Amino acid sequence: MSKTASEYLVETLEKTAVKRIYGVVGDSLNGITDALRQRKSIDWVHMRHEEAAAFAAGAEAHLTGNLAVCAGSCGPGNLHLINGLFDCQRNGVPVLAIAAHIPSSEIGIDYFQATHPENLFRDCSHYVELVSNPKQLPQILKRAIRVAIAKRGVSVVVLPGDVALMKIDDDIPEWIAPTAPVLRPSEADIGHLADFLNKATRATLFCGAGCAGAHAQLIELARKLQAPVVHAFRGKEFVEYDNPYDVGMTGLVGFASGYAAMKNCDALLLLGTDFPYRAFYPEQAKIAQVDVRPEALGNRCSLHLGLLGTVKDTLDAVLPSIKEKTESSHLSEALSDYKSTRRDLDALAESGPNSNLIHPQYVTRLVSELAADDAIFTCDVGTPIVWTARYLKVNGKRRIIGSFNHGSMANAMLQAIGAQATYPHRQVISMSGDGGFSMMMGDFITLTQMGFPVKVIVLNNGTLGFVEMEMKASGFLDAGCDLKNPDFALMAEAMGVRGIRVEKPQELKGAIEAALAHKGPVLLDVVSARQELAMPPRTTLDQAYHFGMFMMKAVLDGRATQLVDLAKVNLSR
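Everything in this summary refers to the structure shown in the same document. (Residues numbered from 1 in each chain as written. Predicted model: local features only at pLDDT ≥ 70, side-chain atom pairs only at ≥ 80, totals over all residues. Heavy atoms only, no water.)

Considering the pattern of salt bridges
Inspection of the entire model under this criterion finds 23 salt bridges. With its nearest N and O atoms 3.0 Å apart, the salt bridge here joins Glu324 to Arg223. With a gap of 101 residues between them, Glu324 in the loop between α12 (311-318) and α13 (329-347) and Arg223 in helix α9 (residues 215-225) connect regions that are remote in the sequence. Here Asp374 and Arg426 are joined by a salt bridge, their closest N and O atoms 3.8 Å apart. Taken as a pair, Asp374 in the loop between α14 (360-370) and β15 (376-379) and Arg426 in the loop between α16 (412-422) and β17 (428-433) lie far apart in primary sequence, 52 residues in all. Using a relative accessible area of 31% as the deciding quantity, one classes Asp374 as partly exposed. Ionic contacts of the salt-bridge type, sharing partners, join the residues Lys3, Glu11, Glu14 and Arg39 into one network. (Salt bridge = Lys/Arg side-chain N within 4 Å of Asp/Glu carboxyl O. Helix = DSSP H or I, 4+ residues; strand = E, 2+ residues; numbered from the N terminus. Buried < 20%, exposed > 50% of the residue type's maximum accessible area, 1.4 Å probe, protein only.)

Notes on the sheet that holds strand β6 (residues 127-130)
Spatially, six strands are ordered β3-β2-β4-β5-β7-β6 in an open sheet, and the strand pairing comes out parallel. Bordering the open sheet on either side are β3 (43-46) and β6, each of which pairs with just one other strand. The sheet shows a mean angle of 20 degrees between the axes of neighbouring strands, direction not considered. Relative to strand β7 (residues 154-160), strand β5 (residues 95-101) runs parallel, the two being bridged by seven bridges. Paired with Ala97 across the bridge in β7 is Val156. Helix α1 (residues 5-15) rests against β2 (20-23), β4 (68-72), β5 and β7 of the sheet, and its axis sits at about 175 degrees to β5. (Pairing = 2+ DSSP bridges. Axes fitted to C-alpha atoms, helices over the stretch in contact; angles between N-to-C directions. Contact = heavy atoms within 4.5 Å.)

Focus: the packing of aromatic side chains
Ring pairs (aromatic) are described by centroid distance and by the angle formed between their planes. This structure, assessed with the given rule, holds ten aromatic pairs. Judged by centre distance (6.1 Å) and plane angle (80 degrees), the ring pair of Phe275 and Phe280 falls under edge-to-face. Grouping residues by exposure puts Phe275 and Phe280 together as buried. Cluster of aromatic residues (ring-pair linked, three or more members): Phe206, Tyr259, Phe275, Tyr277, Phe280 and Tyr281. Of note, Arg426 hangs over the ring of Tyr423, and the distance from its end group to the ring centre comes to 5.0 Å. (Phe/Tyr/Trp six-rings, centres within 6.5 Å; stacked < 30°, edge-to-face > 60°. Lys NZ or Arg CZ within 6 Å of the ring centre and 35° of its normal.)

What about the side chain of Glu237?
Along the polypeptide, Glu237 turns up in helix α10 (residues 236-239). Separated by 3.2 Å, the side chains of Glu237 and His62 make a polar contact. Looking at Glu237, its side chain comes within polar contact range of the main-chain nitrogen of Ile400, at 3.3 Å. Excluding anything up to four places from it in sequence, Glu237 contacts His62, Val394, Arg398, Arg399 and Ile400. (Polar contact = N/O pair within 3.5 Å; in protein donor to acceptor, adjacent residues only side chain to side chain.)

Focus: the sheet that holds strand β11 (residues 246-249)
The strand order across the open sheet formed by six strands is β11-β10-β9-β12-β13-β14, and the pairing between neighbours is parallel. At either end of the open sheet lies a strand with only one pairing partner, and these are β11 and β14 (305-308). This sheet shows a mean twist of 20 degrees between the axes of neighbouring strands, independent of strand direction. In this sheet, strand β10 (residues 229-231) lies alongside strand β9 (residues 203-207) in parallel orientation, the contact comprising three bridges. Pairing of Cys207 across the sheet is with His231, part of β10. Against the sheet, helix α11 (residues 256-263) engages β9, β10, β11 and β12 (267-271), with an angle of about 110 degrees to β11. Against the sheet, α13 contacts β9 and β11, and its axis sits at roughly 55 degrees relative to β11.

Here it is in structure tokens:
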């Protein structure tokens, strides 16, 4: 029985177990949205901006591991998807984007809203193809789905609005997409890895998002090797909990203890991470790496050994050949260092009874303590990501989503929408910055439009805080960072969302409790300290020099009061 291309697309997505499509309607999408309306098998999540739709779809894919779908109408509509799709691609989550197109007869002659999506989406996808004839759709759609799932990234199907309404006779196939394979190195490589680890006297494990599902194997390897475990931010939710060998993070938002555990080792094993910052790798140690992506092996540093495989499958294979070590001085030093570092960090997340400043560390600590055991957290790029990395506790049930590799502003609330759509009965908390929240504030209305009870916590410090710190650390006077913000809580109330504003630290705990207990969406506007410093795990002489240059320039520029404020916020604790 013949059906329209749109009906075929919707039925194929049904067969692939797609539950919802995020997007903004438009005339070139009419065939698809009408097919969804008639079949009622896939929900249309009505967003206010297509970029938000792509971020929301990425969050769903991150949480479930399954294919998520977003859509945009022709021209500007689907172009708005691009930033969110870059994030999905770089986070390695399976997302299919439907990029509706102008009428096929008008392509190439400067028609209204004309673009070339098949070219524009190429850099943010594994596969993108134009359907110029309805008979092409079955093959292109099935291939797009397979590629997105198997390669863990983005596929884009470009579908002109008129082609979407044309008839085709193909049946929906029984098999569409593969399941995850067992992927492990050869026996010879497993032997080489065992030999590499057995010869080490001060081994350190450095773990990323690729350690998902391998927690037990990772802990056993650390026990046998008496090795400290350092994690990248994306590895936090899979590595940090129930881990007696954990010594924290490294990197720009990490801990001094994680940095030291890597710098002081003689053998470093990278597990499921393509950590980008070269300065944090050890100079003298031999390095081995396990990853599913061949392009990640040796991408950041020279390797002694590189192995292609999943972390779980590889560790299952190598663990029987690992000899148990009794020498634990490297581990003991790293754990002692971590205990000291953790104590210093925790001391910053307190608030005295007479304090008149709300420190962001204190906000995140309280949220962590009061949130549900299985809460889903999203965090904006900038200072919210620092405090989430350092103060949010995970337990194996909590999840964390962010723009970890793409580093886009304004991701947190948008990803929270996707998380809440996917898990309507779980607590979803967006740790937003005032810059990120206000950048994509339009989709705040989606919370009431769709009935999503997301809790949005805005760190309102009146500045693009991380950018301001970067300028100061580089010796520049901060410029263009000021944010003249409204009362976000009053704005929320005007939109039908519960709004709570907190200006005193003594009121913060009660406000967070009230926000988390509320049944619907909430915006908690936390007026926090502007001049809070987020120190990197190691401060170099070059950084100290440039920060000194900033202070000298600030005085010469008549901004000495800013330095006084900086001292008050960070020294008077």
